[in-house]
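Each chain is listed here by its residues.
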Amino acid sequence: MKGFLACGVSAICMLLAGCDDGAKAKSAADAAIFLEAAEQELAEHSEFAARTEWAQQTNISYDTDWLLSRASAIGTELVVRLANETKAFEGLDLPPEQARKMAFLRSGIVMPAPSREGAAAELAEITTRLSSTYSTGKYEMKGKALNLDELSTIIEQSRDPNELKEAWEGWRTVSPSMAGDYARMVEIANEGARELGFSNLADMWLSNYDMAPEAMQEEADRLWGQVEPLYRELHCHVRAQLHDQYGDAVQSTSGPIRADLLGNMWAQQWSTLYPLVAPRAADPGYDLTEALKQKKYDPVRMVKAGEAFFSSLGFDPLPATFWERSMITRPKDREVVCHASAWDLDNVDDIRIKMCTEVNAEDFQTVHHELGHNYYQRAYNKQDILFRTGAHDGFHEAIGDFVALSITPEYLKQIGLIDTLPSPEADLGLLMDRALEKIAFLPFGLMVDKWRWGVFRGETTPETYNAAWWELAKRYQGIAPPGPRPENAFDPGAKYHIPGNTPYLRYFLSFVMQFQFHKAACEQAGWTGPLHRCSIYGNKAVGEKFNAMMTAGASQPWPDTLQLFTGGREMDASAMVEYFDPLMGWLKDQNKDRACGW
Ligand code: X8Z
Ligand code: ZN
């Protein structure tokens with residue numbers, strides 16, 4: 001086995017003075033040479049890795065799994081070697097850009113393996129198996145093997161509690177087989193994190209926010225404190241309406257909400273409950289899903305609408321290869337990873353989305369979300385390789401959603417999707433619709449990584465994986481499973497980002513920050529009305545500042561980038577609170593005689 005400090009087989013070693021086990025003192029000039037070579041290696045490998053992964057995710061088979069495992073083992077070995085090599089430069093007084101790059105190399109690996117022989121390969125096999133198991137998962141119901149989309153449709157549309165329970169529990173039969181792999185993966189990745197000087201993988205993940213990990217965790221709790229009152233009011237009203245719909249035997253007026261009644265497989269966004277919880281006499285007069293169908297939108301046209309929004313802000317159209325190479329609908333002839341994602345295969349302009357788009361309001365939102373990633377990727381493509389990423393991961397998730405907050409009735413009328421504008425009295429309806437999407441998400445956005453942090457820190461062991469998940473779901477979301485969970489249940493595994501190892505705090509941050517961006521953009525546009533009626537569609541001046549924020553990539557600490565666009569240096573939920581203020585007044589009034597909480 002090669003020692004890491006010895007440079008080993010690194011091409012970079014050849015560029016460094018002596019290749020002598022790091023014994024010779026390194027200088028800032030050595031650091032510059034090391035970083036340049038590291039970026040070159042990363043650029044080359046990442047294109048190979050991305051193309052392999054694309055091939056696998058758009059066509060899951062024995063062979064593509066095999067190829068992905070190989071590519072990902074090689075990739076892990078590369079990034080772990082580079083991370084270890086940064087140790088030789090520790091303690092040097094480097095220019096800020098170089099120090100930043102060193103820090104990214106050391107802490108930016110999502111799933112590190114230790115450098116001992118075989119560890120990266122074992123880790124890669126496990127992560128590939130976890131991801132394929134999730135993406136090909138099925139449950140047989142009514143004589144038919146249903147995939148996640150089909151089971152999700154039942155959860156979204158059925159009002160039969162028994163059917164809901166079956167679809168909900170059925171999907172969770174895909175994950176018990178993941179539990180052993182998951183536990184082993186955590187062991188390996190923690191070993192990798194410790195080799196790089198972190199106490200565990202949780203601290204490593206939390207080290208990517210330009211502050212100490214403990215401080216970042218406190219930041220998340222601080223933001224949650226700002227928005228928790230919104231969630232509690234929404235929860236209280238929704239629970240009461242579900243009680244009216246289903247009766248005491250299914251949903252009580254006290255305690256947690258039954259998770260399968262909330263219109264989403266993970267109870268993370270509740271938009272499909274709108275008809276059950278809508279304020280009476282505040283009907284916006286249109287339903288976006290219906291409007292899309294009525295105006296004969298198909299998935300490609302939905303993506304074109306998203307592109308047109310960005311064009312209206314002054315961004316160049318998407319490249320021709322985007323349309324040739326994206327996967328916009330689910331292919332009928334093969335297994336794919338349907339969970340939506342946005343890709344940049346060459347770190348320049350081979351940008352694409354991969355979605356199983358259906359013509360409905362949720363996917364219209366998701367199309368904008370994914371395009372946001374693509375426009376961000378293209379905006380920062382002239383930065384050095386290590387800076388070609390988001391200011392932090394919450395920024396990356398927030399870009400498209402921020403744009404989609406400008407999908408107002410006025411905008412929909414402008415593009416011909418609706419014919420008449422709702423009156424101001426319909427604002428409560430519009431806000432309720434948004435609240436079901438945005439406020440409902442917040443506690444879920446937080447609890448997913450609270451669970452993982454506990455697992456990575458060893459506070460949650462394999463025996464308590466499932467119980468810990470439901471404790472957090474109860475504490476933060478105020479929800480509970482529809483019945484006792486089986487002994488072998490591994491319900492975290494039934495959520496894409498757990499087997500997929502995608503960190504989740506990013507979404508919580510994004511859901512807060514997108515309102516911050518929206519408010520700042522509306523102020524730049526000179527908007528003085530209520531935030532939820534503001535659309536930046538067509539505003540090139542806002543587009544220019546927006547582009548400046550995105551162009552910076554990760555080249556500077558995120559507070560500097562935030563300041564560029566919003567004037568402030570802190571993440572702050574007060575814009576979100578302001579946005580929903582009219583709805584909060586209404587909800588408090590509805591809830592005044594109810595016993596809220598759980
Ligand atoms: O995973 C996603 C995107 C891809 S980055 C579709 N989202 C989270 C989820 O689906 O759980 C967007 C909202 C939260
Ligand atoms: Zn995303």
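Remember, it's a predicted structure, so these values are computed and weren't measured experimentally.

Section: the pattern of salt bridges
Here is step 1: Evaluated as defined, the whole model comprises 37 salt bridges.
Here is step 2: Between Arg 100 and Asp 210 there is a salt bridge, with the nearest N and O atoms lying 2.9 Å from each other. Linking Arg 100 in helix H4 (residues 96–107) with Asp 210 in the loop between helix H9 (201–205) and helix H10 (213–246), this pair joins segments that are 110 residues apart in sequence.
Here is step 3: For Glu 191, the salt bridge goes to Arg 116, with nearest N and O atoms at 2.7 Å. Within this pair, whereas Glu 191 is found in helix H8 (residues 179–195), its partner Arg 116 is found in the loop between H4 and helix H5 (119–135), the two being separated by 75 residues in sequence.
Here is step 4: The network of salt bridges with shared partners includes Glu 47, Arg 51, Arg 325, Asp 350 and Arg 352.

Observations concerning the site of ligand 1
Here is step 1: Ligand 1 sits among Gln 268, His 339, Ala 340, His 369, Glu 370, His 373, Glu 397, Phe 441, Lys 495, His 497, Tyr 504 and Tyr 507.
Here is step 2: A distance of 2.7 Å separates an oxygen atom of ligand 1 from a polar atom in the side chain of His 339.
Here is step 3: The fraction of the free accessible surface of ligand 1 (370 Å²) that becomes covered by protein chains is 86%.
Here is step 4: Of all the elements, helix H15 (residues 361–379) adds the most residues to the shell around ligand 1, at three residues.
Here is step 5: Residues of the shell around ligand 1, tallied by class, amount to four nonpolar, five polar and three charged.

Some thoughts on the pairing of strand E5 (residues 351–354)
Here is step 1: Burial along E5 is two-sided: Ile 351 and Ile 353 facing one way and Arg 352 and Lys 354 facing the other are all buried.
Here is step 2: Two elements, strand E4 (residues 341–344) and E5, share four bridges in a ladder whose sense is antiparallel. Across the sheet, the residue bridging to Trp 343 is Arg 352, located in E5.
Here is step 3: Hairpin connection between E4 and E5: a loop of six residues separates the two successive antiparallel strands, and Asn 347 in this loop has a positive phi of roughly 60°.

Describing the packing of helix H2 (residues 28–57) against H4
When two helices pack together, their arrangement is given by the angle between the helix axes and by the axis-to-axis distance.
Here is step 1: Relative to each other, H2 and H4 sit at 50°, their axes nearing to 11 Å. By the criterion of interaxial angle, the relationship of H2 to H4 is oblique. Of the two elements, H2 crosses H4, and the hand of that crossing is left-handed. Along the contact surface, H2 presents Ala 28, Ala 31, Ala 32, Phe 34, Leu 35, Ala 38, Glu 39 and Leu 42, while H4 presents Gln 98, Lys 101, Met 102 and Leu 105.
Here is step 2: The class makeup of the residues in the contact of H2 with H4 is nine nonpolar, one polar and two charged.

Focus: the coordination of the zinc ion (ligand 2)
Here is step 1: Looking at the zinc ion (ligand 2), the protein donor atoms are His 369 (NE2), His 373 (NE2) and Glu 397 (OE), and they sit 2.0 to 2.1 Å from it.
Here is step 2: One way to put it: the four donor atoms around the zinc ion (ligand 2) meet at angles of 90 to 132°, and that makes the site tetrahedral.
Here is step 3: Positions of the donor residues of the zinc ion (ligand 2), expressed as sequence spacing, correspond to H-x3-H-x23-E. Taken together, the positions of His 373 in helix H15 and Glu 397 in helix H16 (residues 393–404) put the pair 24 residues apart, joining distant regions of the chain. Judged on exposure class, the residue His 373 and its partner Glu 397 are both buried.

Thresholds, definitions, all that
- Residues numbered from 1 in each chain as written.
- Chains lettered and ligands numbered in written order.
- Predicted model: local features only at pLDDT ≥ 70, side-chain atom pairs only at ≥ 80, totals over all residues.
- Heavy atoms only, no water.
- Salt bridge = Lys/Arg side-chain N within 4 Å of Asp/Glu carboxyl O.
- Helix = DSSP H or I, 4+ residues; strand = E, 2+ residues; numbered from the N terminus.
- Near = heavy atom within 4 Å.
- Polar contact = N/O pair within 3.5 Å; in protein donor to acceptor, adjacent residues only side chain to side chain.
- Areas by Shrake-Rupley, 256 points an atom, 1.4 Å probe, with all protein chains shown as cover.
- Nonpolar A, V, L, I, M, F, W, Y, C, P; charged D, E, K, R; others polar.
- Buried < 20%, exposed > 50% of the residue type's maximum accessible area, 1.4 Å probe, protein only.
- Pairing = 2+ DSSP bridges.
- Axes fitted to C-alpha atoms, helices over the stretch in contact; angles between N-to-C directions.
- Parallel < 35°, antiparallel > 145°, perpendicular 65-115°, else oblique.
- Left-handed = near helix turned anticlockwise from the far one by under 90°.
- Contact = heavy atoms within 4.5 Å.
- Donors = N, O, S within 2.8 Å, 3.2 Å for Na, K, Ca; no water.
- Tetrahedral: all angles 85-135°; square planar, octahedral: opposite > 155°, others 65-115°.

Keep in mind these numbers describe shape, not what the thing actually does.
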